[in-house]
Amino acid sequence: MILTITMNPSIDISYPLEAFKLDTVNRVKNVRKTAGGKGLNVTRILKQLDTEVVASGLIGGALGEEIKKDLDRNGIAHDFLPISGETRNCIAILHEGQQTEILESGPVVSAQEAEAFLKHFEKLAAQAEIISISGSLPEGLPVDFYRQMMQVCHGKPVVLDCSGEALAEVLKGDVKPSLIKPNAEELAGLLGRSISTNVDDLKNTLSDAMFSGIEWIVVSLGSAGAFAKHQDKFYRVTIPKIAVVNPVGSGDATVAGLTAAIAEAWSAEAILKQGNVLGMLNAQEATTGQVELANYQALFDQIQVEEV
């Protein structure tokens with residue numbers, strides 16, 4: 001079983017517009033609302049891969065109930081901890097080839113709720129084969145909360161997709177995630193210096209002592225593909241050009257692909273290919289967390305993974 005964690009889930013609302021006009025009325029016809037948050041995007045992709053998956057995290061209020069109903073409709077198992085605060089809305093306005101996001105901060109979690117979730121999570125982690133943790137921490141939780149979660153994972157492999165101080169705190173800890181997936185900007189923030197995307201600079205960057213003990217580091221490079229470090233080897237991933245319909249959630253689809261492939265003990269090349277192909281398939285769909293698996297193999301065969 002794969003356990004996915006979304007600490008700050010949301011109802012994701014997508015507003016596609018031909019043109020986004022300020023200081024006036026914008027009318028939207030094709031509104032899409034889904035159970036969202038990065039971890040739940042990961043969950044939906046894993047479900048489409050026919051993987052046994054359980055979603056957990058924190059939810060509250062009427063919107064939290066809507067998330068559970070959405071997951072039930074899609075046959076996705078879940079075991080969230082209820083909290084007193086209200087789950088948030090997140091709005092993506094898709095206009096003129098651009099994406100403008102309006103993200104609510106979400107509920108404030110109490111110290112008692114944080115302690116209860118750690119106990120809840122420890123029980124779920126004991127049953128999991130691999131754990132995927134994604135997204136931001138809600139207000140009220142300490143910045144080292146992911147680091148605390150790592151301490152109660154029973155040694156299970158963890159794929160961690162977060163950034164900023166929360167990631168920096170995890171990297172300071174004794175218990176390391178198996179995989180992290182920063183982009184170049186997030187790497188620069190961690191190290192406090194600019195990062196170029198040439199091979200030598202990326203190799204030096206990922207060899208920094210900060211990342212010691214992490215088996216996989218996968219750096220997203222957008223349309224340029226990805227760069228990865230697996231133990232002491234480095235890989236450049238080149239992807240084909242595709243027609244992008246909606247890029248929201250593509251990074252989460254990549255995380256799902258990486259997680260599922262690691263759980264199956266695939267080769268490094270196959271792990272990287274699956275992660276990238278699912279990210280591209282998600283970008284080709286209007287609905288976040290949706291892939292057309294009929295197109296999987298054709299894209300998989302076009303991705304190039306080169307050891308550098």
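As the structure is a computational prediction, the values presented were derived from the model and not from experiment.

Moving on, we come to the environment of Glu129. By the element assignment, Glu129 lies in the loop between α3 (111–127) and β9 (130–134). Measuring from C-alpha to C-alpha, the distance between Glu129 and Ile2 comes to 5.9 Å, with 127 residues separating the pair along the chain.

Attention shifts here to unusual backbone geometry. For Asp23, which is not glycine, the phi dihedral falls at a positive 60 degrees. Following the sequence through the fold, Asp23 ends up in the loop between β2 (10–17) and β3 (32–36). The residue Asp50 is not glycine, and still its phi comes out positive at about 65 degrees. The exposure class assigned to Asp50 is exposed, which follows from its relative accessible area of 72%.

Let us look at the UniProt feature "domain: Carbohydrate kinase PfkB" (unreviewed entry) in the protein chain. With numbering matched to this structure, UniProt assigns "domain: Carbohydrate kinase PfkB" (unreviewed entry) to residues 7–289. For residues 7–289, helix accounts for 36% and strand for 23%, while the C-alpha atoms at its two ends are 18 Å apart.

All buried positions along helix α6 (residues 184–191) are accounted for by Ala184, Leu187, Ala188, Leu190 and Leu191. Buried residues of α6, seen end-on, are gathered within an arc of 160 degrees and therefore sit on one face of the element. Exposed and facing more than 90 degrees away from the buried side of α6 are Glu185 and Gly189. Buried positions along α6 lie against α5 (164–172), α7 (199–206) and β12 (216–220). Backbone geometry just after α6 places Gly192 at a positive phi near 70 degrees.

What counts and what doesn't
- Residues numbered from 1 in each chain as written.
- Predicted model: local features only at pLDDT ≥ 70, side-chain atom pairs only at ≥ 80, totals over all residues.
- Heavy atoms only, no water.
- Helix = DSSP H or I, 4+ residues; strand = E, 2+ residues; numbered from the N terminus.
- Buried < 20%, exposed > 50% of the residue type's maximum accessible area, 1.4 Å probe, protein only.
- UniProt positions renumbered as here; feature names shortened; annotations may be inferred.
- Arc of directions from axis to C-beta.
- Contact = heavy atoms within 4.5 Å.

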